[in-house]
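So you can see what is in the structure, the chains are spelled out below.
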Amino acid sequence: MPRERFGSIAVLGGGAWGTALANAAARGGRRVTLWARDAGQAQEMAATRENATRLPGVRLADSVAPTADIAAIAEARAVLLAVPAQSLRAVASLAAAHMRQGAAAVICAKGIERDTGRFMSEIVAETLPHAVPAVLSGPSFAADVARGLPTAVVLACADAALAQGLAAALSSPSFRVYHGDDVRGVEIGGAAKNVLAIAAGIAAGMGLGESAKAALTTRGFAELSRFARVHGARPETLMGLSGLGDLILTCGSLQSRNFAFGHDLGRGAPVAAAGGGKLAEGAFTARVLAGMAAERSVDMPIAQAVDAVLEGRLSIRAAMDALMTRPLRAEHGDAPFSAGLD
């Protein structure tokens, strides 16, 4: 599929991630419309060529056109939905009347809708029935992507040819986009790792050491894999960028909002103050992830402990003690899906 089909791309979301993706697409040779809900923000970005509020110090590429007019997306062959997971339905509904028939709707949010238990691709199918859903995910910090630092992600779409074309259109020497067709696997990897990163952050904030963080990350991956399996995801997807890769990044750096949120909790901050007011998607996903796991009898003790802490049912110390005193078991209990991790 020729790159020229995607000469015009729109990005919905004036946050750090939307701005970063707009720059990445522009670096790949695309003309980019960057939509921000706030008209004042859009005007300031257009005038200063910088998103000073969300991504200071990073210049917008010349081919990025900020706007607050949602109708400006009408010519885009691909629309990147770079808004928080819990806002995706509202923004997609707003865009529905303006997206061209058959355009690709590329989901760049990592979460599960809290009130409905819907995956992001299901929301797009409901709100944008004339568009083709795709998911972009992987180990990536907005600041790195915006500045052109080397990053690799994955884009999944049920239409394999479309996934390949989108990956080619968005790729550049510093932004490598792999492609595949396991939409559910890619979106589960992105959603679940945020919750697990909160647990890793809590351990770090409590000063439990690198060994504890490594154990939580590894056992968290086992939980993520079990959850993904019952929802039809392929094991190789979870072993890749959107599963293991993103989990490693998110569980190991204070640049991760979810890890930083957990780190604050581990140091004694109340839930309302943790993370310094920055969005931590895992804080919204924990409850629905734990609930969905329980419904399908998927054992996810780390995710359930995070949910219990956030909902005030357990103290952080009690949650950690509960994890460490679980009955001992064989590590290879579910080997057919991911050898060595149950």
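Residues numbered from 1 in each chain as written. Predicted model: local features only at pLDDT ≥ 70, side-chain atom pairs only at ≥ 80, totals over all residues. Heavy atoms only, no water.

A. Spatial organisation of the UniProt feature "binding site: sn-glycerol 3-phosphate" (unreviewed entry) in the chain. The UniProt record marks Lys-110, Gly-138, Ser-140, Lys-193, Asp-246, Ser-256, Arg-257 and Asn-258 with the feature "binding site: sn-glycerol 3-phosphate" (unreviewed entry), using the residue numbering of this structure. Note on placement: Lys-110 falls in the loop between strand S5 (104-107) and helix H4 (120-127). You can call Lys-110 buried: its relative accessible area is 13%. Setting aside chain neighbours within four positions, we find Lys-110 in contact with Ala-85, Ser-137, Gly-138, Ser-140, Gly-190, Ala-191, Lys-193, Asn-194, Asp-246 and Glu-281. A relative accessible area of 0% places Gly-138 in the buried class. Those residues in contact with Gly-138 that lie beyond four places of it in its chain are Lys-110, Val-153, Leu-241, Ser-242 and Asp-246. (UniProt positions renumbered as here; feature names shortened; annotations may be inferred. Helix = DSSP H or I, 4+ residues; strand = E, 2+ residues; numbered from the N terminus. Buried < 20%, exposed > 50% of the residue type's maximum accessible area, 1.4 Å probe, protein only. Contact = heavy atoms within 4.5 Å.)

B. Representation of the UniProt feature "domain: Glycerol-3-phosphate dehydrogenase NAD-dependent C-terminal" (unreviewed entry) in the chain in the model. Following the UniProt record, the feature "domain: Glycerol-3-phosphate dehydrogenase NAD-dependent C-terminal" (unreviewed entry) maps to residues 182-320 here. The span residues 182-320 is 71% helix and 0% strand, and its two end C-alpha atoms sit 34 Å from each other.

C. Representation of the side chain of Ser-171 in the model. Within the secondary structure, Ser-171 sits in the loop between helix H6 (160-170) and strand S8 (175-180). Engagement of the side chain of Ser-171 in a polar contact is seen with the backbone nitrogen of Val-177, the distance being 3.1 Å. (Polar contact = N/O pair within 3.5 Å; in protein donor to acceptor, adjacent residues only side chain to side chain.)

D. Molecular detail of the nonpolar core. Among the nonpolar cores identified, the biggest contains 45 residues, and Phe-227, Leu-265 and Leu-289 are the most heavily contacted of them. Among the secondary structure elements, those contributing two or more residues to this core are helix H7 (183-205), helix H8 (210-230), helix H11 (257-266), helix H12 (281-295), helix H13 (301-310) and helix H14 (316-324). Looking at this core element by element, the count peaks at 11 residues for H7. Ala-26, Leu-162, Ala-163 and Phe-175 belong to the second largest nonpolar core, which has 42 residues in total. (Core = buried A, V, L, I, M, F, W, Y, C linked by side-chain atoms within 4.5 Å.)

E. Inspection of unusual backbone geometry at higher detail. Residues other than glycine seldom take positive phi values, yet Arg-49 does so here, at roughly 60°. Examined against the element boundaries, Arg-49 turns out to sit in the loop between helix H2 (39-48) and strand S3 (64-67). Although it is not a glycine, Ser-297 sits at a positive phi angle of roughly 55°.

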